[in-house]
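Results of the structural survey
Read off the chains here:
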Amino acid sequence: FSNEALLNRINSDLANDLGNLVSRTVAMIDKYFGGVIPEERAVGEFDADLKKLLGETPGRVEELMDKLQFSTALAEIWKVISRTNKYIDETMPWVLAKDEASKPRLAEVMYNLAESLRITSILIQPFMPETPEKIWQQLGLADKAALSWESAEKWGGYPKGTAVCKGDVIFPRIDVKKELEELEALTGQTVEKAAEVKA
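Parameters at a glance
Residues numbered from 1 in each chain as written. Predicted model: local features only at pLDDT ≥ 70, side-chain atom pairs only at ≥ 80, totals over all residues. Heavy atoms only, no water. Helix = DSSP H or I, 4+ residues; strand = E, 2+ residues; numbered from the N terminus. Contact = heavy atoms within 4.5 Å. Areas by Shrake-Rupley, 256 points an atom, 1.4 Å probe, with all protein chains shown as cover. Axes fitted to C-alpha atoms, helices over the stretch in contact; angles between N-to-C directions. Parallel < 35°, antiparallel > 145°, perpendicular 65-115°, else oblique. Left-handed = near helix turned anticlockwise from the far one by under 90°. Salt bridge = Lys/Arg side-chain N within 4 Å of Asp/Glu carboxyl O. Buried < 20%, exposed > 50% of the residue type's maximum accessible area, 1.4 Å probe, protein only. Polar contact = N/O pair within 3.5 Å; in protein donor to acceptor, adjacent residues only side chain to side chain. Phe/Tyr/Trp six-rings, centres within 6.5 Å; stacked < 30°, edge-to-face > 60°. Lys NZ or Arg CZ within 6 Å of the ring centre and 35° of its normal.

On to the overall build of the protein. In terms of regular secondary structure, the protein is built from 8 helices and 0 strands. Considering only intrachain contacts with a sequence separation of at least 6, the fraction spanning at least 24 residues in the protein is 76%. Summed over its atoms, the accessible surface of the protein is roughly 11,000 Å², and 54% of this surface lies on carbon and sulfur atoms.

Turning to the packing of helix α3 (residues 70–91) against helix α5 (residues 103–123), a few remarks are in order. A pair of packed helices is characterised by two quantities: the angle between their axes and the separation of those axes. For the pair α3 and α5, the least separation of the axes is 10 Å and the interaxial angle reads 165°. Our classification of the angle between α3 and α5 gives roughly antiparallel. Helix-helix and strand crossings are classified by hand; for α3 and α5 the assignment is left-handed. Together, Ile77, Val80, Ile81, Thr84, Tyr87, Ile88 and Thr91 of α3 and Arg105, Glu108, Val109, Asn112, Leu113, Ser116, Thr120 and Leu123 of α5 make up the contact between the two elements.

Our focus in this paragraph is the pattern of salt bridges. The tally for this structure, following the rule as stated, stands at 14 salt bridges. In this structure, the salt-bridge partner of Lys79 is Glu76, at a minimum N-O distance of 3.1 Å. Of this pair, Lys79 and Glu76 both sit in helix α3, separated by 3 residues, roughly a single helical turn. The class for Lys79 is partly exposed, based on a relative accessible area of 46%. Arg118 serves as the salt-bridge partner of Glu115, at 2.7 Å between the closest nitrogen and oxygen. Here Glu115 and its partner Arg118 are both found in helix α5, 3 residues apart, which amounts to about one turn of the helix. In terms of burial, Glu115 and Arg118 fall into one category: buried.

As for its position among the elements, Arg105 is in helix α5. A residue is classified by how much of its surface remains accessible, and Arg105, at 14% relative accessible area, is buried. Within polar-contact distance, the side chain of Arg105 engages the backbone oxygen of Glu45 at 2.9 Å. Excluding residues within four positions of it along the chain, Arg105 makes contact with Ala42, Val43, Gly44, Glu45, Asp47, Tyr87, Thr91 and Leu96.

One non-glycine residue, Leu68, adopts positive backbone phi at about 65°. Secondary-structure assignment places Leu68 in the loop between α2 (47–66) and α3. The exposure class assigned to Leu68 is exposed, which follows from its relative accessible area of 60%. Positioned with a positive phi, Met92 is a non-glycine residue whose angle comes to about 45°. Mapped onto the secondary structure, Met92 falls in the loop between α3 and α4 (93–96).

The next point concerns the packing of aromatic side chains. Any two aromatic rings considered together are summarised by their centre-to-centre distance and by the angle between their planes. Here the structure, examined in full by the defined rule, presents 1 aromatic pair. Taken together, a centroid distance of 6.0 Å and an interplanar angle of 75° make the contact between Tyr111 and Tyr158 edge-to-face. With a gap of 47 residues between them, Tyr111 in helix α5 and Tyr158 in the loop between α6 (131–139) and α7 (176–187) connect regions that are remote in the sequence. Comparing Tyr111 with Tyr158 shows no difference in burial state: the two are buried. Here the guanidinium or amino end of Arg41 rests over the ring plane of Tyr111, the centre of that ring lying 4.0 Å away.

So, about the environment of Gly19. Within the fold, Gly19 resides in helix α1 (residues 3–33). We classify Gly19 as buried; its relative accessible area is 2%. Separated by 149 residues in sequence, Gly19 and Asp168 have C-alpha atoms that sit 9.9 Å apart.

Any functional reading would require information that these geometric values do not contain.
Structure follows, in C-alpha cells:
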C-alpha cells in the first residue's frame, strides 16, 4: 500500500471512470434532449453487447457477495462501468446529434447510458452507500421500484419521461502531488522515511 497508489486509483476508477460517466451522460441528455429522453428510439450496433453484460452482472455480483468475494464483485461492477464508457466511444453521440434523422438512434444511446447507470448505481450500494443517491439525483430517479436490488436484474427500468438534473461532479479529480505533500506534512515524514523505518 502507498498513498500515491491510493490517490491514483481514486482518480482512475472513481473520477475518470464512474464520475465522468455520470457527468457525461447527464450533460448529453440535457444538451441533446432538454433533459428528457424521447420515447421514439432506434436500436443499433453495440446495444446488444452492452445489454448482455448488464443482464449477466447483477447475478454474478450477488453470487460473489454471497461467497464474501467482495473485491471480485466490485471488479465485475467496474467491468460494466468500463464497457459503458466504451459504448460512448463506439456510438459517438456527438456525431449522431448533428443529423436530425439520427435523433431516434441518439435517444436509444442516451437511454442505454442512463439505464446502465441505474443498474450500476444499485449494484455499488453495498460498497459506496452515499454515492448511489448522488447518481439518482442527477438521473432524476425517485421511484423506489426502479431502485430496488431486484430491479437491477431486469433491463428497462429507467422510467420514461424522467428529467435529468445536472449536479456537482461526484468524484472531483485529486491533485496527487499536492495531496501527497499535505499528507507528508501531517505525518511529519516522507514516504521514503516511512519505508526506512519499516526496514
